[in-house]
Structure formats: C-alpha cells, structure tokens
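Summary of the model geometry
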Amino acid sequence: MTFPVVDTNVLLQLAPMLVLLLAGLVFMMAGAFTRRAGAFQRSFVIVFHIVVLVYVIKLWSVEASPILNGMLIVDRFSLFFTALVTLCALGTVLTSAHYLDRFGMNRGEFFSMLFFSTMGMVVLVSALDLISVFLGIELMSLAIYILVAFRRRDFLSNEAALKYFLIGAFAIGFFLYGVSLIYGVTGSTNFGDIAAAVAEKGLARNPLFLLAIALILAGLGFKVSSVPFHMWTPDVYQGAPTPITSFMATAVKAASFAAFVRLFYMCFMTSKDQWVAIIWVLAVVTMTVGNVVALVQRNIKRMMAYSSIAHAGYILIGIAALSVDNNNAASGIMFYVVVYAFMTLGAFALISAIEKKGITRGLEEPDYSGLGLERPFLGFCMAAFMFSLAGIPPTAGFFAKYYVFSAAVNEGLVGLVIIAVLNSALSLYYYLRVVVAMYMQRRDVPVPVDADLGIRIVLLISLLAVLWLGFGPSGVVPGVEDVLEWTRTSLAKVNGLGM
Amino acid sequence: MPLGLKYSSLVILFVLSVAIPLALVGIASLAGPKRPTTGKHTPFESGIHPVGDARRRFSVKFFLVALLFLIFDVEVIFVFPWAVLFRHLGLFGFIEMTVFLVILLLGLFYVWRKGALEWE
C-alpha cells in the first residue's frame, strides 16, 4: 500500500473538526427522530462544545506543521480562533434556550447546523490553501443560511435567508475569480507556494495579481460586512433569529477576519504599498457609513447591524496597519475580535430576551424603555455593553480600539486613526440612546422580558469579560496581558512561515 | 507546446459559439421581412393548439425530487475517481470513501425519516 497509514498526530490536530462533524451528524439524526430538542439534547450540545475546547487546550502545545498535503495548518493562530468560534457557538446555544421554544424553532437540526457552521469556521481559520479557504467559507455559510431561515413561518426570516444566500453566492463568485487569477499567475493555491512564487517571479506589482487581490477583497469584504459590500447586513441581521444574529456578528466575522489576516500576512505583504490605499478607503467608508446610518435606526437589531459594520471598519484599520516587522496590528485585530465577540454576544442575548413576534419584533425604543429601572442587572449589563461598543474606558472596548489604533499610528496611518476616533465619538449617540431609553424613559406596563438561565449566564460572562479584559490583571483568570500574549505567540508562526 | 497554443482550441470554440448564433439570429432579424401574424407568435406545441397559459403553480414535490437527485448524483460522481484508482488507494482510501458514503447515508436516513421521499 503506497498511502500513509493513519497518523495519530494528524488525527489529533483534526480532532476539533471531527468532533464538530460528529456532533453535527448526531444532532441531525436526533432531529429526524425526535419532535423537540429538550434539555437532554441541549446538555449534549454543551458537552460537545466543551470537548472541542478541551482539544484546543491540548493542542496549544503541539508543534504545528502543514497537514493534509498542505491544505490545513492547526497552529496557535487557528487554535485561538477555533476556541473563539466555539465559545461564540456555546453562547448562541445558551442564548437560544427559551427563544427556540417561543418561536417554534426547537429542533435538533438547529444544533446540527450550528455544529456544521462551526466546523466550517474551524476549517476556514486553519486554512493554508485558497481552496481550503473557499471550502471553509462555503461550509460555514451554507449552514448559516439554513439557520437564518429557521423561523420558517416568519416572513422577515425567509427574506433574510434569501438575501444572504443570493448575495453570498455572488460574493463567493468574486472570491473564486480572484483565486483562479492567483492560480494562473503563481501556479499554485497554497499560501506558502504563492508567497514563494511572488518572491521568485517578482509578482508584487503584476496587474493580474493585484486584480486578484482586489477580487479576493470583494469576496472577503462581503463576509465581514465592509462597505460597499455591506448591503445585506441590516436586513439579514434584522430578519434572522436573534441568537443566530449574534452568532453571525461574532463568529462569522471572527473566522473571516482570521482568514483575511492569514492570507494577507502570508501572501500579499510584498504588494502592501499597492493595496494599503484600498484598505484605507474601505476602512473609512465602512466606519463612516456604519456609524452615520446607525444614527437613524429605530429598531435595535438594525442598529446593532450597522454598529457591526462600523466595527468591521475599525478592524480594517488593523488590516491596513499589518506590517512585516512587527505583530502589533495583527495582535490588536485578534484582541479586538475577542472583545467584540463578548460585547456583541451579551448585547444580543439581552435583545433576544425581549424579542417578540411581529414586524418590529418589539425592538423599538418604546419597547425597552425603563428596562434598566425594572431589572437592574439586565440594565447594567446592557449599559456596560453599550459603553464598551462605544469605546469608553475602562471597558474592554476602549482597550481593543486602543491597541488597533496605536498599531496604526505606529505605521504612520495617523489620518485614518483621527477619522476612526471621530467616528467612535459619533457612535456614542446611538449607543447611549439605548442606555437613555433604559434608564430615563418609562413605560406604563413593565417590559416583558424572558431572561432564562442561559441568557443570564451569557450576560454574566460577557459582562465580566467586558469589564475584566480592560484593566483586569492576569492571574487565575486570563486578563488582557494573557490574551495579548496568546495572540503574539499565535502570530510568531504565521509571520515566520510565509515571509 | 507553448501555453497559448494549448488553449487556442478553447478560444476558437468560445469565439465561434458566440459568433455563429449571433450571426444567424442577427442576420435573420436584420435582413428578413417583418410580417408578424398571431400564428407565428404562439409557442410551438407540436402542432396542437395551446390551451390556457403556462403560469400555474407547481407542486414543490418536483423541486424536492430534483434537489435529492442532484445531491446523490454528485455523490456518485465523487465515487467514480475513487473507483478508478481503487487498488492504488488501498485500505486507507477504502476507509476514507466508506466514511464519505456513511455521512451521506446518514443524510439519506434523515431525508427518509422526514418524509421527503413520499410522493403523495
């Protein structure tokens, strides 16, 4: 037999993916044989996620090298993001506990699709080849399309899924065109081979190569909701079931930015002076459009969608500041993504507690007025998340912005940072408007809130993360230094491999 | 053979497949006489007079059958290359292919249980 026998080291590195695959299949069958996914099934869902996290911790100290013929690499960079997306999925499962029953969505297939999507994200963040990136994006996206449509009798949900699917198909087409051009120019789709080919053949200024970069930017820009590829975001975020919206806003963005950073770091850094201006412009319009249009939103889910667009703009500043000499920008991006995930998970957990049926879903301002006075804990959590999203110290949101902006200033992008800071100031209005409504306005009837145990757990953990990841010292519980240390060790390998 | 020459047949095919229909339809519409009658504009139904219009609601069963066929047909297509290199890929390849087929078999069970294979 000429083929290698099964390598246990490779199997161990694939373990997170395989566990998620197994979980997806198990819950698909569970959905076929049971009528409702009760607490019994949900507990197994949580167990599977914990098993994945255990494998990630175990793999953290394993020496990483390209596996599967150079298609994937399970290094600390991908383990970092694997842990993040698994935590986001866990948060989604916890948030959805009562929500699923309330809206008739409580079936095993929900968790199955969640597992498959998470598996796609793990493939995406471990990708070392453009085809692996495509596979990861498609696996992640197709499962998410189904999840967005999960409220089958709801018009907005169906509309959101259709829009997401159609626009997503177009965007991935652009991405693939870019991939095919890179293959034509460099002769390979493997990140390492592309970097080597660019160095040998001097392709850094090749027009076809630059066109390929632009097309890939279009595809990835769609996934991270960058302007002008952002049109789908408000409608999809508003129509999707809120736990899925939080999953999309946190995990999908995190995984897409991971692939973004790895691809650009390993293959496109020699052409940096050609594309940095594009990213500059993309960052500015993304931030500005996101913040300005969020000002006029009445529905809180739509407001959060535009806010996520704005935050993608801030992260794009980090991409513009990527440098071959140091890891500051990439480290800042990774920290920002973590903090953003916690803030957003918490905010959407609260939103899913107050959501109702109907066109407005009960999410406009009069629907949550006075919430802070009636339910102090919920109000305090939401206020903390809003302050963090706006970037006010001492919350973690401020520190996340600080790291990214300081990396950008060190790279000489001072104008960009000034625009970003002005945008942050602008965003204060719509974030604090929520806080004002919660604390300074009143309703005749108290707000009907269904904050079950799962939501409370998510709120508590997100609150602690948002408050701790700023000033919190690193000790028993990981603080900001620990997280930054993790990001730096993750990037040491990534930077060393390609360039 | 230089790269350009290898793909030249593809380019010729592409150019011809665009040019010939364009030429045929274009010359016919430009140079032909225009005398439209009702008979010429009705859709062709093998000589039978069309009754009613085609805009009727289709049962979604047809779409479901097409979807299931597509999925399992693509699965079969993936089995073909493995079947050609069966000996060379040995036990490792066999187990890999078994895993692939088992995953799709689970999908078939799911479809079966959900009643998507019922025609009525």
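Think of each chain on its own: its residues are numbered from 1, step by step along the sequence as written. Chain labels run from A onward and ligand labels from 1 onward, assigned in the order the entries are written. Under the rules for a predicted model, residues below a pLDDT of 70 receive no local features and side-chain atom pairs below 80 are neither given nor counted, while totals for whole chains, interfaces and linings still include all residues.

1. Looking at the overall build of chain B
As a reminder, the rule being used: Strands are runs of DSSP state E lasting at least 2 residues, helices are runs of H or I lasting at least 4, and numbering of each runs from the N terminus. For the radius of gyration, the atoms used are the C-alpha atoms, and the globule rule reads 2.2 Å times the number of residues raised to 0.38. Exposed residues have 12 or fewer other C-beta atoms within 10 Å of their own C-beta, buried residues have 20 or more, and partly exposed residues fall in between, where C-beta atoms are placed from the backbone.
Regarding its fold elements, chain B presents 5 helices and 0 strands. N-terminal to C-terminal, the α/β element order of chain B is α-α-α-α-α. Against the 2.2 N^0.38 benchmark of 14 Å for 120 residues, chain B shows a C-alpha radius of gyration of 25 Å, more extended than a compact globule. Structurally, chain B occupies a C-alpha span of about 70 × 60 × 20 Å along its principal axes. Counting the 120 residues in chain B, one finds 0% classified as buried.

2. Comments concerning the overall build of chain A
Heads up, the condition is: Two residues qualify as being in contact provided that their C-beta atoms, derived from the backbone, are within 7 Å of each other.
Within chain A, the regular secondary structure consists of 20 helices and 2 strands. A compact globule built from 499 residues would reach a C-alpha radius of gyration of about 23 Å, and chain A, at 22 Å, matches this within 12%. Referenced to the eigenvectors of the C-alpha coordinate spread, the extents of chain A come out at roughly 70 × 55 × 45 Å. Summarising the internal contacts of chain A: among those between residues at least 6 apart in sequence, 79% fall at separations of at least 24.

3. As for the interface of chain A and chain B
Condition: Following the grouping adopted for this structure description, the nonpolar residues are Ala, Val, Leu, Ile, Met, Phe, Trp, Tyr, Cys and Pro, the charged ones are Asp, Glu, Lys and Arg, and the polar ones are all others, Gly among them.
The interface of chain A with chain B comprises 9 residues on the first partner and 12 residues on the second. Residue classes in the side of chain A that touches chain B are distributed as 8 nonpolar, 1 polar and no charged.

4. Description of the nonpolar core
Residues and elements named next belong to chain A. Basically, it comes down to this: A set of buried Ala, Val, Leu, Ile, Met, Phe, Trp, Tyr and Cys residues, joined through C-beta atoms within 7 Å, is what we mean by a nonpolar core.
In terms of nonpolar packing, the biggest core is built from 190 residues, with Leu124, Val148, Ala255, Ile317, Val337 and Ala408 touching the most fellow members. Among the elements that make up this core, the one with the highest residue count is helix H13 (residues 328-354) (21 residues). When near neighbours in sequence (up to four residues on either side) are disregarded, Leu124 contacts Val133, Gly136, Ile137, Met140, Ala255, Ala258 and Ala259.

5. Topic: unusual backbone geometry
Backbone torsion omega between Val227 of chain A and Pro228 of chain A reads 5°, so that peptide bond is classified as cis. Looking at the secondary structure, you find Pro228 of chain A in the loop between helix H8 (207-223) and helix H9 (232-239). Of note, the bond from Pro393 of chain A into Pro394 of chain A is cis; its omega dihedral lies within 30 degrees of zero at 0°. The residue Pro394 of chain A is located in the loop between helix H16 (376-390) and helix H17 (396-410) in this model. Despite not being glycine, Ser46 of chain B has its phi angle at roughly 55°, a positive value. Of note, Ser46 of chain B is situated in the loop between helix H3 (38-41) and helix H4 (60-84).

6. A word on the environment of Asn206 of chain A
Residue and element names in this part refer to chain A. Position of Asn206 relative to the elements: it lies in the loop between helix H7 (191-201) and H8. Residue Asn206 is classed as partly exposed on the basis of its C-beta count, with 17 C-beta atoms lying within 10 Å. Sequence separation between Asn206 and Ser271 is 65 residues; the distance between their C-alpha atoms is 9.2 Å.

7. Some remarks on the packing of helix H10 (residues 242-267) of chain A against helix H12 (residues 300-320) of chain A
Residue and element names in this part refer to chain A. We count it as follows: What counts as an axis is a line fitted to C-alpha atoms, over the stretch in contact for a helix, and the angles between N-to-C directions run from 0 to 180 degrees. Angle categories: roughly parallel below 35 degrees, roughly antiparallel above 145, roughly perpendicular from 65 to 115, and oblique for all the rest. The hand of a helix crossing depends on one turn: near helix anticlockwise from the far one by less than a right angle means left-handed, and clockwise means right-handed.
The N-to-C vectors of H10 and H12 enclose an angle of 15°; their axes lie 12 Å apart at closest approach. Our classification of the angle between H10 and H12 gives roughly parallel. As for how H10 packs across H12, the hand of that crossing is right-handed. Contacts between H10 and H12 pair Thr242, Thr245, Ala249, Lys253, Phe257, Phe260 and Phe264 from the former with Lys301, Ser308, Ala312, Ile315 and Ile319 from the latter. Split by residue class, the contact of H10 with H12 holds 7 nonpolar, 3 polar and 2 charged.

8. Quick look at the confidence of the model for chain B
Residue and element names in this part refer to chain B. Under the convention used in this document: For every residue, the predictor states its confidence as a pLDDT score lying anywhere from 0 to 100.
Residues of chain B with pLDDT of at least 70 account for 97%, and the chain-wide mean is 88. Considering each helix and strand of chain B separately, the mean pLDDT is smallest for helix H1 (residues 3-6), with a value of 70, and largest for H4, with 94. Here the prediction assigns the complex a pTM of 0.90, and the interface score ipTM is 0.84.

9. Some remarks on the environment of Asn190 of chain A
Residues and elements named next belong to chain A. If you trace the backbone, Asn190 turns up in the loop between helix H6 (155-186) and H7. Looking at Asn190, the number of C-beta atoms within 10 Å reads 21, which means it is buried. Spatially, the C-alpha atom of Asn190 lies 9.7 Å from that of Leu72, the residues being 118 residues apart in sequence. Contacts of Asn190, omitting those with residues within four sequence positions, involve Gly70, Leu128 and Asp129.

10. Quick look at H9 of chain A
All names here are of chain A. Counting buried residues along H9, 6 of its 8 residues qualify, which places the element largely inside the surrounding structure. All of the buried residues in H9 are Thr233, Pro234, Val236, Tyr237, Gln238 and Gly239. Looking at the buried side of H9, the elements it contacts are helix H5 (130-148), H6, H10 and H12.

11. Some details on helix H2 (residues 39-59) of chain A
All names here are of chain A. As a reminder, the rule being used: Here the expected length of a helix is defined as 1.5 Å per residue gap, with one fewer gap than residues. Taken from the helix axis, the directions to the C-beta atoms give the arc we talk about.
Spanning 21 residues, H2 covers 30 Å between terminal C-alpha atoms, matching the ideal 30 Å at 1.5 Å per step. Where H2 is concerned, the buried positions are Val45, Phe48, His49, Val52, Tyr55 and Val56. Buried positions in H2, seen along its axis, are confined to an arc of 115° and lie on one side of it. Along H2, the residues that are exposed and aim more than 90 degrees away from the buried face are Ala39, Phe40, Ser43, Val47, Ile50 and Ile57.

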